[in-house]
Each structure stands twice: as structure tokens, then as C-alpha cells.
Amino acid sequence: MNFRRKHKASKCFPVKILTLDAQLEFNLECKANGRDLFDLVCRTIGLRETWYFGLQYEDCKGFLAWLKMDRKVQDQDVPKTTPVPFVFLAKFYPENVAEELVQEITQHLFFLQVKQSILNMDIYCPPEISVLLASYALQAKYGDYDEAAMKPGLLGTEDLLPKRVLDQYQMTAEMWEERIKIWYADHKGLSRDEAEMEYLRIVQDLEMYGVNYFPIKNKRDSELWLGVTALGLNIYEQDNKSVPRINFPWSEIQNISYEDKKFAIKPVDKTAPPFIFYSDKHRVNKLILDLCIGNHDLFMRRRKPDSIEVQQMKAQAKEEKLRRQGERNKLAREKQLRETAEREKAALEQQLIHFQEEFRLANEQLRRSEESAELLAEKARVAEEESMLLTQKASDAEQELQRIRLSAMKTEEEKLLSQRQLHEAKQIASRLLENSERCAAEAEQLKGDLLQARYAETQAKKKLLEFLTTQASVAALHAASRPITRIPTSASVLSVPNLFPSSGSSVTGSDHHLHHQSDLQQHLRRLDDVANDANLPAYEARLPIPLANQLTGLTNLTGLSSSGYLPAIAASELVNSSANYDLMTHGDMEQLSLEIEKERVEYLEKSKQLQEQLRELRTEIEVLKVGEKQTLYDQLHEEQLRSGNDKYSTLKKSKSGSTGARVAFFEEL
């Protein structure tokens with residue numbers, strides 16, 4: 001009888017893992033614990049710096065919890081849906097992102113998570129820094145700024161600024177876009193990982209970065225906030241989550257424990273009393289303890305020499321960085337050569353278009369010239385005909401002119417004859433006038449004689465009358481028989497005979513002479529017009545310059561060269577133990593330290609310029625601020641700026657004094 005061993009089929013259940021840029025689905029064995037699922041996700045996305053991350057889920061009561069690594073997945077209070085949802089997030093934060101984050105995937109995941117926290121307003125970010133971060137986000141996503149590719153409406157398609165910032169200023173989306181583009185254009189040459197690292201460097205200086213807040217109470221039941229960070233525990237007042245009042249570094253904490261709602265933190269200083277606070281929710285207390293233990297372990301780990309795994313990752317990251325730097329330099333040179341070639345090509349295309357346009361214009365000009373030549377030939381033919389006609393007219397005019405000249409000569413003779421006759425008439429008239437004057441003088445003389453005679457007659461009549469009175473009858477008879485002699489009373493006026501019977505015809509001849517002179521002048525003017533029409537300007541056809549002569553000198557084109565901009569990434573001096581590990585030699589460590597120090601100095605210099613630009617932007621948009629829409633954190637930030645404090649100076653003040661004094665101060669809050 002054959003006995004066959006029956007293999008029991010392993011049961012699986014589906015899970016869905018959401019990262020900030022991907023979604024993963026797996027079929028997980030029912031007996032798999034949290035570590036199995038977490039390692040599966042890390043291997044899938046290629047993550048080696050696993051100690052910062054965890055799998056978060058929402059339990060059946062609506063609380064956020066982290067998947068425990070040492071327990072089975074199904075034994076935990078995970079959702080009962082299919083597939084089981086988890087979110088892969090950063091659970092712990094580094095103290096210095098530039099020094100601690102080695103892998104590019106780690107930087108990218110932190111970048112996405114912090115960016116989402118800022119846009120969701122979980123982390124307060126001032127408006128001017130929000131604009132700067134938006135420009136780095138665009139550089140990380142799209143690469144170097146391209147004016148042609150960046151179309152208006154960027155804020156409508158991309159989440160770049162928190163809604164709080166957009167509502168607090170009287171600025172349109174286009175105004176915000178212009179300010180973001182100004183910063184974006186300055187980041188030319190940064191790769192994606194460099195832009196994301198610059199983003200994280202700026203964000204880690206914000207007060208609320210890397211802080212997990214939990215509501216707590218002290219012994220006086222004052223409502224406060226507990227902030228669990230990578231550096232220690234912060235205590236905040238109820239209405240101020242940005243400026244801590246008290247700080248307990250992890251180096252001062254020896255032990256953390258809780259019982260029901262009571263948390264007890266035992267300090268390293270044995271003379272100081274324990275730090276006690278209260279939390280109402282038991283599930284939240286587990287989360288607080290978990291985060292405190294994890295952050296404390298990482299805090300102590302950072303202060304020890306790097307493990308072999310970390311050294312390997314850093315060495316590989318350095319090699320990868322050098323390799324990528326070489327590739328970027330090569331790519332930058334190729335890009336520069338390509339841009340140069342494209343510029344030369346564009347210039348040649350422009351010249352080709354220019355020459356084509358010139359060729360078209362030359363053809364058009366040639367066509368117009370041919371048409372003009374044809375038209376001028378036609379005009380020349382017409383001008384020749386007109387010239388012949390004018391020549392004929394000139395000949396006729398010459399004949400007419402000869403005839404007119406003959407007529408003029410005849411008219412001149414008639415004129416001379418008329419002038420002689422007129423002169424003779426004037427002489428006769430003058431003689432007649434003299435005779436008339438003489439006759440008038442004689443008539444006057446006769447008139448005087450007549451008057452004298454009449455007077456003598458009157459006197460004689462008087463005497464005669466006197467005589468007659470005496471001798472009336474004799475005298476009467478004597479007077480009747482005597483004749484009376486009469487002298488004429490006036491002299492007769494001689495009529496001047498018509499000495500020039502042909503004077504009328506002479507005037508008519510003068511009019512005819514004037515008429516001929518007018519016709520002659522008209523013919524002369526017509527001949528002048530004909531002569532002017534005959535003297536046409538000669539046409540000189542001008543052909544375009546040969547196109548080949550304009551194409552010379554094109555082989556000497558040169559392109560412009562530009563140097564790529566690759567800002568260095570800053571980091572602090574690493575603490576390595578070359579005596580214990582032989583992965584990196586002492587010379588390599590010194591070289592690396594020098595490079596890091598150089599990068600740190602460059603970063604500090606760049607930070608000064610950056611702060612100056614941020615102040616300018618803050619001043620520029622200050623006048624557009626809407627006062628009633630300012631939040632409490634905006635007011636707190638303005639107060640911090642006026643007092644000259646920042647995140648690190650505030651932390652330094654909050655942990656001043658002894659541990660016991662800070663515990664006592666906490667009890668009095």
C-alpha cells in the first residue's frame with residue numbers, strides 16, 4: 001500500500017501597498033509577519049535604508065498605527081477589507097538629510113512625503129519659502145526650465161503652493177507663477193536628486209519638520225503638545241506648535257515607560273526627578289512609546305561609527321555619485337554640443353530662409369524687370385512712332401514757320417508802311433492844327449474887330465439918332481436909301497479832309513499781323529512740347545546679384561559655448577572608523593573630508609544668497625498681504641523673524657538650564 005504525503009496548500013491573502021508614487025499588490029502568506037511584508041516591499045522598490053520607514057494602517061477604531069515587525073500581519077488590528085491596505089511612509093526622520101540619506105530612492109521618498117505634508121499644511125511653511133520649494137519641485141519633476149514648454153496655468157495643473165498661501169495674498173495665479181518661474185530658471189543644471197536634496201535641506205530648517213505631535217497633560221491638567229523628534233522630546237503650548245517651550249534631548253533620557261495613561265521618562269541626571277505626563281488614549285500611548293524608542297535608537301546609532309552596511313552604501317553612493325557626475329558632465333558637453341549644433345542649424349535654416357526669400361524677391365524683381373522691359377519696349381515703339389509723328393509735325397511746323405516768317409515779313413513791311421503813313425498823317429495833322437490855331441487867332445482878332453465895329457456902329461447910331469432928331473425927315477429918307485454892310489459874326493471852321501482813306505485797312509492789317517504772331521507762338525510751343533516728348537530717358541535694366549555670391553562665408557560659422565552649472569551638494573564631516581573597517585583607506589577619508597568641507601563652505605555661501613533673495617521676495621509680497629486672513633502661525637513666524645530667532649536658536653533656548661529645572665518648569669505650565 002502506497003502512502004502519499006499530502007501537502008497542505010498554503011493559504012495567502014492579498015495586500016495593497018501605497019507609496020507616494022506607486023501602488024504595489026502582493027499575495028502574502030497567512031503566517032507572514034510584519035517583517036516579511038516590509039522586507040518584500042523594500043526589495044521591490046530597491047530600498048536599503050529601511051530603518052527610516054514603516055507600514056502604516058488605520059485600525060478598526062480609526063486610529064493610525066504602524067505595523068509591528070515581530071508579529072503576524074493577520075494577528076494585528078489591520079483592516080478586514082480585501083486587499084488589506086497599507087501605506088509605506090517615513091516613520092523616523094534624519095537629523096541632517098545631506099549627511100544621512102545615502103540612496104536616491106530614500107531621498108525621493110522623503111521628498112514626496114515632506115512635499116505632501118507642506119501642501120496639506122501639516123508643516124507650516126512661510127509664503128516666500130513655499131515659492132522657493134515650488135521651484136525646486138518643478139526642477140525635480142521637469143528638469144531645466146524651458147520657456148516654450150512652460151505654459152500659463154501651471155498652478156491649475158500642479159500642486160505647488162499651500163492653499164493657505166494662495167488665500168492670504170491679493171495675487172492672481174499668474175503673479176505666483178511668474179515668481180515661481182524666476183526661481184525655477186535659476187536652478188538650471190540641477191539633476192532630480194540634487195533638486196530634491198535642496199528641497200529637503202530647506203524643509204529641515206522649518207520648525208514643524210519631523211515632529212510627531214500628541215496631546216498630553218501635566219499634573220496641573222494643562223493641555224499641552226508633546227513633539228517626538230529625531231533630536232528629542234519637545235513640549236509645546238496648546239496654541240503654539242511651532243515654538244517649543246521645553247526640550248529634552250535624547251542624550252538626557254535614560255528610560256521611557258508608561259502605565260495606562262501615565263508616562264514616566266527617567267533622565268540620565270540622577271539628581272533630576274522623572275519627567276511625567278499623561279495621555280488619555282491607550283492606543284496613542286503605544287504609538288508614542290514606539291516612536292520614542294525608535295528615535296532614541298537612531299539618535300544613539302548616529303553617534304557611533306557607521307556599520308559595514310552603511311559604509312558599503314556610502315562607498316557605493318560615492319562611486320555612483322562620481323559616475324553620475326561624469327555622466328552628467330558628459331551629457332552636459334553633449335548637450336552643449338547639441339545646442340551649439342542646433343543653434344548653427346537654426347542659424348543656417350534662418351539664412352536658408354533668408355536666401356530663399358531673397359531668391360524669391362530676386363525672381364519677383366526679375367519678373368517685374370522683364371515686365372518693365374516689355375513695357376519699356378512697347379513704350380519705345382510707341383515713342384518711335386510718336387517721334388516719327390513728331391518729326392512729321394516738326395517738318396510741317398517748320399514749313400508753317402517759314403510761311404509765318406514770310407507773312408511776318410510782309411506784315412512788317414505793311415507795318416513800316418503804316419508807320420510812314422501814320423507819320424505823314426501826324427505831320428499833316430500838326431500842320432492842320434497850326435492852321436486851325438492860326439485861324440482861331442484870326443477869328444479872335446476878327447471877333448475883336450467885330451466888337452469894335454459894333455461899338456463904333458452903336459456910337460454911330462447914337463450920333464445918327466441925335467442927328468436924326470434934328471433932321472428927322474431928311475435923315476430918314478437918307479437912311480432908307482443907304483445900304484448897310486454886314487460883317488460875319490463868326491469865322492467858318494474848316495473841315496479836315498480824310499487824308500488817309502486806307503487807315504481802316506491799315507488797322508485791319510495790324511490785327512492780321514498780331515493774329516499771325518499769336519499763331520506763330522502757338523506753333524513754337526507745340527514744337528517745344530514735341531521735342532520734350534522725344535527726349536525720353538534711357539532705361540537701364542538692373543538684374544539681381546548672383547545668388548552664389550551671397551552664399552560665401554557660410555563655412556566659417558562658429559557656435560557659442562556655455563558652461564554647465566552643477567552646484568555641489570553640501571554635507572558635514574562624517575565620523576568613520578577606518579581603524580575598525582578597511583572599506584575606505586585613510587587617504588580616501590581625508591580626500592572625502594576635504595570635499596565635504598569644500599561643499600559645506602559653498603553651501604553656506606549659497607545659503608547667504610538664498611536668504612537675501614528670500615528677504616527680497618518677502619518684502620515684495622508684503623504689500624499684497626490680506627491681514628484678516630493671517631493665521632496664528634503666520635503671526636508667530638513674524639514674531640520669530642522680528643526677534644531674530646530660528647528653529648535651532650529656539651531649540652537651544654528651550655533646552656537651556658538643568659534637566660531638573662526644565663522638569664519643574666514643565667510642571668508649572
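Residues numbered from 1 in each chain as written. Predicted model: local features only at pLDDT ≥ 70, side-chain atom pairs only at ≥ 80, totals over all residues. Heavy atoms only, no water.

With that settled, consider the overall build of the chain. A tally of regular secondary structure across the chain gives 17 helices and 12 strands. Every one of the 669 residues in the chain was classed for burial, and the buried ones make up 34%. Partitioning the intrachain contacts of the chain with sequence separation of at least 6 by distance along the chain shows that 69% fall at a separation of at least 24. For the chain, the computed accessible surface area is about 42200 Å², with 54% contributed by carbon and sulfur atoms. (Helix = DSSP H or I, 4+ residues; strand = E, 2+ residues; numbered from the N terminus. Buried < 20%, exposed > 50% of the residue type's maximum accessible area, 1.4 Å probe, protein only. Contact = heavy atoms within 4.5 Å. Areas by Shrake-Rupley, 256 points an atom, 1.4 Å probe, with all protein chains shown as cover.)

On to the packing of aromatic side chains. Counting across every chain of the model gives 19 aromatic pairs. Their ring planes at 80° and their centres at 5.9 Å tell us that Y57 and F86 sit as a pair that is edge-to-face. With Y57 in strand β3 (residues 53–58) and F86 in strand β5 (residues 84–90), the pair connects residues that are 29 residues apart, well separated along the chain. Both residues of the pair, Y57 and F86, belong to the buried class. Both rings, one in F275 and one in F277, keep their centres 5.5 Å apart while their planes meet at 50°; by these two values the pair is tilted. Judged by relative accessible area, F275 falls into the buried class, the value being 3%. Of the residues examined, F277 reaches a relative accessible area of 1% and is grouped as buried. One aromatic cluster in this structure is built from F38, W51, Y52, F53, F88, Y93, F110 and Y209. When the ring centre of W51 is taken as reference, the NZ or CZ atom of R301 above it lies at 4.1 Å. Between R303 and the ring centre of F299, over which it is positioned, the NZ or CZ distance is 3.7 Å. (Phe/Tyr/Trp six-rings, centres within 6.5 Å; stacked < 30°, edge-to-face > 60°. Lys NZ or Arg CZ within 6 Å of the ring centre and 35° of its normal.)

A word on the pattern of salt bridges. Across all of its chains, the model carries 36 salt bridges by this definition. Here R283 makes a salt bridge to D77, at a shortest N to O gap of 3.4 Å. Of this pair, R283 sits in helix α9 (residues 282–302) while D77 sits in the loop between β4 (64–66) and β5, placing them 206 residues apart in sequence. Given the relative accessible area of 23%, D77 is considered partly exposed. Here D144 ties to K335 by a salt bridge, and the two come within 3.2 Å at their closest N and O atoms. (Salt bridge = Lys/Arg side-chain N within 4 Å of Asp/Glu carboxyl O.)

This part is about the nonpolar core. If you look at the biggest cluster of nonpolar residues, it comprises 110 residues, and the most contacted ones within it are F86, F88 and I235. In terms of residues, this core owes the most to one element, helix α4 (residues 127–142), which gives nine residues. Discounting residues that sit within four places of it in the chain, F86 has contacts with V15, K16, I17, L18, L37, L55, Q56, Y57, L67, V73 and V78. (Core = buried A, V, L, I, M, F, W, Y, C linked by side-chain atoms within 4.5 Å.)

The next point concerns the side chain of E667. Relative to the elements of secondary structure, E667 occurs in helix α17 (residues 659–668). One buried charged side chain, E667, makes no salt bridge at all; its nearest oppositely charged neighbour is K219, positioned 4.6 Å away. Those residues within four positions of E667 in sequence are excluded, and the remaining contacts are N218, K219, R220 and I276. (Lys, Arg positive; Asp, Glu negative; His and termini not counted.)

Our next topic: the sheet that holds β3. Read across the sheet, five strands follow the order β2-β1-β5-β3-β4 without closing on themselves; strand pairing throughout is mixed. Whereas interior strands pair on both sides, the edge strands pair on one side only; in this sheet they are β2 (23–29) and β4. Averaged over all pairs of adjacent strands, the angle between their axes in this sheet comes to 35°, without regard to strand direction. Lying over the sheet, helix α3 (residues 104–119) contacts β3 and β5, oriented at roughly 105° with respect to β5. (Pairing = 2+ DSSP bridges. Axes fitted to C-alpha atoms, helices over the stretch in contact; angles between N-to-C directions.)

What follows concerns the packing of α4 against helix α7 (residues 173–186). What describes two packed helices is the angle between their axes and the distance between those same axes. Orientation of α4 relative to α7, taken along the N-to-C sense of each, is 65°, at an axis distance of 8 Å. Considering only the axes of α4 and α7, their crossing is right-handed. Contact with α4, carried on its side by V131, L132, A134, S135, L138, Q139 and Y142, involves W176, R179, I180, W183 and Y184 of α7 and no other residues of that element. Residues that form the contact of α4 with α7 fall into these classes: nine nonpolar, two polar and one charged. (Left-handed = near helix turned anticlockwise from the far one by under 90°. Nonpolar A, V, L, I, M, F, W, Y, C, P; charged D, E, K, R; others polar.)

The next point concerns unusual backbone geometry. The step from T82 to P83 runs through a cis peptide bond, and the omega angle for that step is -5°. Secondary-structure assignment places P83 in the loop between β4 and β5. A positive phi is found at D221, a non-glycine position, where the angle reads about 60°. By secondary structure assignment, the location of D221 is in the loop between β6 (212–217) and β7 (223–228). On the basis of relative accessibility, which here comes to 56%, the residue D221 falls in the exposed class. Its identity as a non-glycine residue notwithstanding, D260 has a phi of 55°, on the positive side. With respect to the secondary-structure elements, D260 resides in the loop between β10 (253–259) and β11 (262–267).

The next subject is the pairing of strand β1 (residues 12–18). Only one face of β1 is buried, namely the one carrying F13, V15 and I17, since none of C12, P14, K16 and L18 on the opposite face is buried. With seven bridges connecting them, β1 and β2 associate as antiparallel partners. Pairing of F13 across the sheet is with L28, part of β2. With antiparallel pairing between neighbouring strands as the criterion, β1 and β2 make up a hairpin whose turn holds four residues. Pairing analysis gives four bridges linking β1 to β5, with the strands arranged parallel. Following the sheet pairing, I17 is matched in β5 by F86.

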